[in-house]
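Summary of the model geometry
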Protein chains: 2
Amino acid sequence: MKRTGERSILFEGGAYVSASACVAGKKEGEGPLGDTFDEIISDDLLGTDTWEKAESELFKKAVKMCAEKSGKMMDEIGALFAGDLNAQIISSGFAARELGVPFVGMYGACSTMIESMLTGAVFVSSGAITPVIAAASSHFCTAERQFRTPLELGTQRPPSAQWTATAAGACMIDGIKTEIQIESGTIGRVIDLKIKDAAHMGAAMAPAVADTLFGHLSDLAISLTEYDRIITGDLGKYGLEILKELVKKKMKDCPSGLFYDCGANLYSDEQDTHAGGSGCGCIAGVLAGHIMNQLKEGTYQKILLLGSGAMMSVTSSLQGESIPSISYAISLKRC
Amino acid sequence: MKRTGERSILFEGGAYVSASACVAGKKEGEGPLGDTFDEIISDDLLGTDTWEKAESELFKKAVKMCAEKSGKMMDEIGALFAGDLNAQIISSGFAARELGVPFVGMYGACSTMIESMLTGAVFVSSGAITPVIAAASSHFCTAERQFRTPLELGTQRPPSAQWTATAAGACMIDGIKTEIQIESGTIGRVIDLKIKDAAHMGAAMAPAVADTLFGHLSDLAISLTEYDRIITGDLGKYGLEILKELVKKKMKDCPSGLFYDCGANLYSDEQDTHAGGSGCGCIAGVLAGHIMNQLKEGTYQKILLLGSGAMMSVTSSLQGESIPSISYAISLKRC
């Protein structure tokens, strides 16, 4: 393990993704990435009586499936690094109760999956605990209840609004070499350019993503072209455009098509989700399925993942506060 | 860094507490530990217009003071590991926005301080990022709003209820040797014995503390008497009694007076807080002041800290769920 620059880490001791699994809702299953999920849920209550319990089931499914794919029993998992959007991260906390695995609760809003992978990779690469699972989930109905208006109101959504994905993703991180290495990571800072519109989260989060991206490149003394693709989650269509503008202002060598946003690609235009997907489960599910597939197939040799999270609550918004945001980065390399 | 046993870590690379600071409210300042806080706040709004903003100010004060005491500027801090009880950890998130320091959001309810110290110690000891600050806060008024009933209702509290401390504590963790070493840590599991009474959190949390304590002793192949004192935070008076019962059932060599609960000692009987203090800020504030003083003075050579957290939310409680709990452990040694 080696610190590089101000806030970046090189996982020299070795941290590898040894298995991944993702579960998604019906709407996500009908989208362009539908066939990349391990399981599509047709009932958004998953047989429970509340959406929060359902999200916890979704989370549990992804973690269990990830362990199964790796050929490991749950009691062989050293720790679970995870969180979700619900107050007091109840989806992951209650799931951890059933799973019985040592649990490290994380919160980085929609960046939680990448925050958890970065932290988990430090534990694994340093030999503290291994293997670990990093996981995150979100559910459209729990997030609307948590952050916006009761679904029953049928409130109209503006074009900049993102659709919280009903999805969960889990990645096992191991010290034993596999074909996908977690090479480096960068910790984010809380950045706030005073956006107050909870229906325009991409605009609030883009500056935090730019800050972490610039910090990462500077800390590692590399340029954008080090990566075959820079994958964000989840800025949505408009947030992604803002990020590109911010990058182009600072860097002239920005190849077009370098950026890919998980949220902007989760649904088709016909699915009417406006700016695209969001939620902890969006980048978690897309990473654990689609992106892992692409790395394994050799579509990319090396990518940078930038998870982004909006760190407000309904209380802070009601108190007139703006939306502070954060972004964590990890790079994945095909070995 | 070395893993030992199932879920424990020996910080062999070195993790030391290089500074600590704590700030507390008026009531806490009037209690038996009043003179151990660096600053007592007389105005529980700290000049802001909401309790949540006030808690964020309290948090910020503790972190800034901790950095000042260490002689470091804020931009020399590698990362801040922190959380609080508010939904989406807004107290620490908004404070991190002002502090400008790389931020790793954690959530372990009232165990957050020890969870953050354990995680921070892994980053420091492995050389990933150093120095770091671990911090946590709570505020009586934000917690009542978050978990119970509006304060304006004046709801009567049962004798088993704990009083959420208005307090914040911060500890700097460095790789350079100081007089206090973080020697080992143990990750908790989510344990739930189906307690549903949110006014009897100690009963819900005691089994999680026992589980982590037994795991710690077993992983390190040591006995209770390895430690001069085993410090919990925060079981309160009744929870502490339950923990002692659980320990005595399993271990015959349990010295009386070995256990000390931060919550049970934060207020005097005359202060009418019933079962004692609780909240992320309770163990954080007592650790950063009173306990650090005792270690420096040589009252103890080696102690075990067990933070305990109740991982429910108001939503899970309204949905009929019980209170799942977790506990993280770190041991501190006088060098």
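One can find the structure itself at the top, above this paragraph.
Below is a short write-up of the structure.

Basis of the calculations
Residues numbered from 1 in each chain as written. Chains lettered and ligands numbered in written order. Predicted model: local features only at pLDDT ≥ 70, side-chain atom pairs only at ≥ 80, totals over all residues. Heavy atoms only, no water. Helix = DSSP H or I, 4+ residues; strand = E, 2+ residues; numbered from the N terminus. Rg over C-alpha atoms; globule rule 2.2 N^0.38 Å. Buried < 20%, exposed > 50% of the residue type's maximum accessible area, 1.4 Å probe, protein only. Contact = heavy atoms within 4.5 Å. Areas by Shrake-Rupley, 256 points an atom, 1.4 Å probe, with all protein chains shown as cover. Lys, Arg positive; Asp, Glu negative; His and termini not counted. Charge placed at Lys NZ, Arg CZ, Asp CG, Glu CD. Core = buried A, V, L, I, M, F, W, Y, C linked by side-chain atoms within 4.5 Å. Pairing = 2+ DSSP bridges. Salt bridge = Lys/Arg side-chain N within 4 Å of Asp/Glu carboxyl O. Polar contact = N/O pair within 3.5 Å; in protein donor to acceptor, adjacent residues only side chain to side chain.

1. Some points on the overall build of chain A
A count of helices and strands for chain A gives 10 helices and 15 strands. The C-alpha atoms of chain A give a radius of gyration of 18 Å, which matches the 20 Å a tight globule of 335 residues would have. Seen through its C-alpha atoms, chain A measures out along the principal axes to roughly 50 × 50 × 35 Å. Residue burial in chain A is summarised as follows: out of 335 residues, 68% are buried. Nonlocal contacts in chain A, meaning residues at least 24 apart in sequence, comprise 78% of its contacts between residues at least 6 apart. Counting every atom, chain A has about 10,600 Å² of accessible surface; 50% of that belongs to carbon and sulfur. A gap of 5 Å separates the mean positions of the 30 positive and 40 negative side-chain charges of chain A.

2. Here we look at unusual backbone geometry
A:Gly233 connects to A:Asp234 through a cis peptide bond whose omega is 0 degrees. Mapped onto the elements of the fold, A:Asp234 is located in the loop between β11 (229-233) and α7 (236-250). Across the junction of B:Thr130 and B:Pro131, the peptide omega takes the value -10 degrees, indicating a cis bond. Positive phi values are uncommon outside glycine, yet A:Gln88 reaches one of about 60 degrees. Residue A:Gln88 is classed as buried on the basis of its relative accessible area, which comes to 4%. Residues other than glycine seldom take positive phi values, yet A:His274 does so here, at roughly 65 degrees. As for its position among the elements, A:His274 is in the loop between α8 (262-266) and β13 (277-278).

3. Things to note about the nonpolar core
If you look at the biggest cluster of nonpolar residues, it comprises 243 residues, and the most contacted ones within it are A:Leu80, A:Leu332, B:Leu80 and B:Leu332. Setting aside its immediate chain neighbours within four residues, B:Leu332 contacts B:Val17, B:Ile180, B:Gln181, B:Ile182, B:Leu287, B:Met292, B:Leu295, B:Gln301, B:Lys302, B:Ile303 and B:Leu305.

4. Here's the deal with the pairing of strand β15 (residues 325-334) of chain B
Residues and elements named next belong to chain B. With eight of 10 residues buried, β15 is to be regarded as a mostly interior element. In this structure, strand β10 (residues 180-186) lies alongside β15, joined through six bridges in antiparallel fashion. Looking across to β15, one finds that Thr186 is bridged to Ala329. In this structure, strand β14 (residues 302-310) lies alongside β15, joined through nine bridges in antiparallel fashion. Within the sheet, the bridge partner assigned to Gly307 lies in β15 and is Tyr328.

5. Focus on helix α3 (residues 90-99) of chain B
The buried fraction of α3(B) is high, at nine of 10 residues. Within α3(B), burial applies to B:Ile90, B:Ser91, B:Ser92, B:Gly93, B:Phe94, B:Ala95, B:Ala96, B:Arg97 and B:Leu99. Those residues of α3(B) that are buried lie in contact with α10 (314-318) of chain A together with α2 (51-70), β5 (79-84), β6 (103-105) and β7 (132-138) of chain B. B:Gly100 occupies a position one or two residues after α3(B) and carries a positive phi of about 75 degrees.

6. Description of the interface of chain A and chain B
Each side of the interface is counted separately: chain A has 60 residues, and chain B has 60 residues. The tally of links from chain A across to chain B stands at four salt bridges. Where A:Arg97 meets B:Asp192, a salt bridge forms, and the shortest distance between an N and an O atom there is 2.5 Å. On inspection of chain A and its partner chain B, the count reaches 28 residue pairs in polar contact (both at pLDDT 80 or more).

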